[in-house]
Amino acid sequence: MNMEEHVWGKYEQYIALHTAQPANTRRHYVQALASARALILNPSTSDHTISCILETLVRSLQYEPDPLLLHHVLKLLSDIALHHRHLSFSIFNTIRAHEAGHKDSNGLAVEVLSVLFTIAEHDHSLATAMYDLDENFVLSLFLSPVTTRRSWLLTNISRFHIKQSFLITLFLAFMKDPYPFVRSSALVGLLGLSKSVDGKEYAVVKECYGCAMELLHDIDERVRSAAVRVISDWGQVLVAPNDEANKRDWYDVIFVQLCSMVRDMSVEVRIEAFVALGKLELVSEELLLQSLSKKTLAVIKEKKIFFQCHEKELELSKSSAAGAFVHGLEDEFYEVRRSACNSLGMLSIFSLQFASDALDLLVDLLNDDSTVVRLQALETMYHMAKCGCLRVQETHMHMLLGTLVDTSSLIRSAARKIFRIMKLSVRAMFASIISGLLSNLRTYPQDEADIFPLLFDIGRNHGNFVVSFIKEVIQEMEPSCEGELRFDSANVAALLVLAISVPLSHEHSACNIPLRIFSYGLPFLGRISRSLSDSTNRDAILAYLFHCSGSILPLVTELNFRGNELVLPVAEGGGPSHSDHEGANPLEVFLQQISNCGLVVRCDIACPKNLLQQSTLSSKIGPPPFYQC
């Protein structure tokens, strides 16, 4: 006996027990249905067995009085229709006939509809069969006294083919339902229409916004949370048709209303309020600044916002926004702090003063107990830096640099992303960042692959600062009395990466680096080239180091990066073209170009090992003069 026959035998056995004693054997029938489902979902089950199961289920649908068992029967009929598509049409018609004949006598109207929609959505030939479920049919179901049924219909109303205006009318009506679950479902349904509503229906939009505004103070937190989302989405629709001045007035109204919700007792509501705040635009600067201070600002005191809604003249006090973000960043739940932090970044692009004041709060978050919040604070700063509104002061540096030695690798990486795009104008801040990165490297050597490229980029963007910094720490980079470099020192390798980036900075005095420093980089070639692999290749770095160390005479100010490759200087009028050296070693091509210019090359082209030996010998002879661009 194969497995299919065995399972089918169990199924028939349980069905027989249930038929013999229907009042006491619900358990047997459920076991029979479980065996049937195993056969339905098995793709190797024969069509004959599936047909037999279907026949039994259809009979149960007609004669089984137990609603719980009928629920399982409907689920199995749906499974057969989805996994055996050739039977979907007959199953659909069977269930539809059952629904029409029983008129919800067993209380399963919603489940029957759900199964019918599921089958029709997977078999497009049946889609038109659902079109007759029109507005009258939907209205009759909405009048049902069963709360869960009304809620299901509100959630699934988009599956019915009815007009949008009728939908909005229904949602507005059920926002006044006595059951919170129905009210929240109506608000969620209204959310789905905000993107498709016609801007010309301004009165309808205003009514939807006004009804949601009334539910901001509902007793149920699910209703308040959904109302906040409706205020956010439908508020955008409400603002869109207005001119610039009226847009700002409406954004101020929405901003103040949302700020009043950040102190709600529900965590979910507070989170939604901050998410909504981050989506706003054109908010008045005075309101933005007020949201960062618990103390009412002089410019805000006594000011009111007047607006019309539901044909009533309403007013809001601007002081309601006081300290909204402070409350959010001090919230006991990290999810709220994270949401508030993210919204700060979204709004910072609209006011430099707001961004500056917000940074003071964000820096304090770098001490937060939650890694998620610290990471969000850094990501917010990075967003502000990309938008050109991050103004880091020396007072912020201590907290920022502390993140470079955080125990979380994600935090350290996020901090380095910020330093990569910062343009520094104060040398002390530059020195602090370099020292912080070196501390990061000493504490977490595994970060070297990310720190070296960052040092290289910082050096290219701040060449003059690098020159003075290198002069201060050059003793750490010098060989010992025996002329040996400290090859195991990550600190020395990092300083060398910083130093060799200077000739590419294009700053006036950026090349006042002792030539011997570039020769010190040769023994670290493998370590450096691996870290800078995204910018250039090993051969180009080798040629570059020889060139800058004084082994080759042309000026390095012509060196540049083109795309992902280091472009070395080509002498005028004599150098071979790129096509002449297709596939050749970049170092040999470069040295050949120099040779064609009639310049002396103090190294052996044929043997890179000799190049390294020559460089080491020259470093022992004595320091060459400073390289002047």
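Residues numbered from 1 in each chain as written. Predicted model: local features only at pLDDT ≥ 70, side-chain atom pairs only at ≥ 80, totals over all residues. Heavy atoms only, no water.

## Examining the overall build of the chain
Scanning the chain from N- to C-terminus turns up 30 helices and four strands. The buried share of the chain, taken over its 629 residues, is 52%. When contacts within the chain are restricted to residue pairs at least 6 apart in sequence, those whose partners lie at least 24 apart make up 69%. (Helix = DSSP H or I, 4+ residues; strand = E, 2+ residues; numbered from the N terminus. Buried < 20%, exposed > 50% of the residue type's maximum accessible area, 1.4 Å probe, protein only. Contact = heavy atoms within 4.5 Å.)

## Digging into the packing of aromatic side chains
Within the structure shown, the criterion is met by five aromatic pairs. Geometrically, the ring pair formed by Tyr209 and Trp250 is edge-to-face, given 6.1 Å between the ring centres and 80° between the ring planes. Taken together, the residues Tyr209 in helix H11 (residues 202-214) and Trp250 in helix H13 (residues 244-259) connect sequence positions 41 residues apart. Here Tyr209 falls in the buried class, since its relative accessible area comes to 0%. Its relative accessible area of 9% is what places Trp250 among the buried residues. The interplanar angle of 45° and the centroid separation of 5.6 Å between the aromatic rings of Phe430 and Phe465 together place this pair among those described as tilted. In this pair, Phe430 is assigned in helix H22 (residues 427-443) and Phe465 in helix H24 (residues 463-477), connecting sequence segments 35 residues apart. For the residue pair Phe430 and Phe465, the accessibility class agrees, reading buried in each case. A connected cluster of aromatic rings, assembled from ring pairs, spans Phe274, Phe325 and Phe354. Lying over the aromatic face of Tyr444, Arg412 brings its terminal NZ or CZ to 3.6 Å of the ring centre. (Phe/Tyr/Trp six-rings, centres within 6.5 Å; stacked < 30°, edge-to-face > 60°. Lys NZ or Arg CZ within 6 Å of the ring centre and 35° of its normal.)

## What about the nonpolar core?
Where a protein is soluble and globular, its nonpolar side chains tend to be buried together. Ranked by size, the top nonpolar core spans 189 residues in total, and within it Ile95, Phe160 and Phe255 carry the most contacts. Split by domain, the residues of this core number at least three in each of domain 1 (1-130) and domain 2 (430-554). Those residues in contact with Ile95 that sit more than four places away from it in its chain are Leu61, Leu74, Leu77, Val112, Val115, Leu116 and Ile119. (Core = buried A, V, L, I, M, F, W, Y, C linked by side-chain atoms within 4.5 Å. Domains from an automatic or database assignment.)

## Description of the packing of helix H12 (residues 221-239) against H13
Direction vectors running N to C along H12 and H13 enclose 175°, while the axes themselves pass 10 Å from each other. Taken together, H12 and H13 sit at an angle that is classed as roughly antiparallel. Contact with H12, carried on its side by Val228, Ile231, Gly235, Gln236, Leu238 and Val239, involves Lys247, Trp250, Tyr251, Ile254, Gln257 and Leu258 of H13 and no other residues of that element. A breakdown of the residues in the contact of H12 with H13 according to their chemical character gives eight nonpolar, three polar and one charged. (Axes fitted to C-alpha atoms, helices over the stretch in contact; angles between N-to-C directions. Parallel < 35°, antiparallel > 145°, perpendicular 65-115°, else oblique. Nonpolar A, V, L, I, M, F, W, Y, C, P; charged D, E, K, R; others polar.)

## Things to note about the state of the cysteines
Taken as a whole and assessed by the stated rule, the structure comprises zero disulfides. Left without a disulfide partner, Cys387 is nearest to the cysteine sulfur of Cys389, which lies 5.4 Å away. Judged by its relative accessible area of 5%, Cys389 is buried. (Disulfide = S-S within 2.5 Å.)

## Here we look at the packing of helix H21 (residues 409-421) against helix H23 (residues 448-461)
The interhelical angle for the contact between H21 and H23, taken along N-to-C directions, is 15°, at an axis separation of 10 Å. Judged by the inter-axis angle, H21 sits roughly parallel to H23. In terms of crossing hand, the pair formed by H21 and H23 is left-handed. Contact residues: H21 offers Ser413, Arg416, Phe419 and Arg420, while H23 offers Asp450, Ile451, Pro453, Leu454, Asp457, Ile458 and Asn461. Residue composition of the contact of H21 with H23, by class: five nonpolar, two polar and four charged. (Left-handed = near helix turned anticlockwise from the far one by under 90°.)

## Things to note about the pattern of salt bridges
According to the stated counting rule, one finds 17 salt bridges in the structure shown. The shortest N-O distance in the salt bridge between Asp450 and Arg420 comes to 3.6 Å. Of this pair, Asp450 sits in helix H23 while Arg420 sits in helix H21, placing them 30 residues apart in sequence. For Asp450, a relative accessible area of 26% translates into the label partly exposed. When salt bridges that share partners are traced, they join Arg412, Arg416, Arg420, Asp447, Asp450 and Asp457 into one network. (Salt bridge = Lys/Arg side-chain N within 4 Å of Asp/Glu carboxyl O.)

## A short note on the environment of Leu375
Structurally, Leu375 can be placed in helix H19 (residues 371-386). Its relative accessible area of 18% is what places Leu375 among the buried residues. In this structure the C-alpha to C-alpha distance between Leu375 and Ala415, which are 40 residues apart in sequence, comes to 8.7 Å. Sequence-distant contacts of Leu375, defined by excluding residues within four places in its chain, comprise Leu410, Ile411 and Ala414.

## Here we look at the confidence of the model for the chain
For the chain, per-residue confidence averages 77 on the pLDDT scale, and residues scoring 70 or more make up 76% of the total. Across the chain, helix H14 (residues 267-277) holds the top mean pLDDT of 96, while helix H30 (residues 608-621) sits lowest at 35. Low pLDDT (under 50) marks residues 552-629, which in the prediction has 122 contacts with non-local residues, meaning those over four places away or in another chain. (pLDDT = per-residue confidence, 0-100.)

## A word on the environment of Leu441
Along the polypeptide, Leu441 turns up in helix H22. Here the alpha-carbon distance between Leu441 and Asn491, two residues 50 residues apart in the chain, equals 7.5 Å. Other than its neighbours up to four places away in sequence, Leu441 contacts Glu448, Ile451, Phe452, Ala490, Asn491 and Ala494.

## With respect to helix H20 (residues 394-402)
Every α-helical turn comprises 3.6 residues, leaving residues that sit three or four positions apart pointing alike. When we look at burial in H20, the residues that qualify are His396, Met397, Leu400 and Leu401. End-on view of H20: buried residues confined to an arc of 130°, all on one side of the axis. Residues Thr395 and His398 are exposed on H20 and point more than 90 degrees away from its buried face. Buried positions along H20 lie against helix H18 (352-365), H19, H21 and H22. (Arc of directions from axis to C-beta.)

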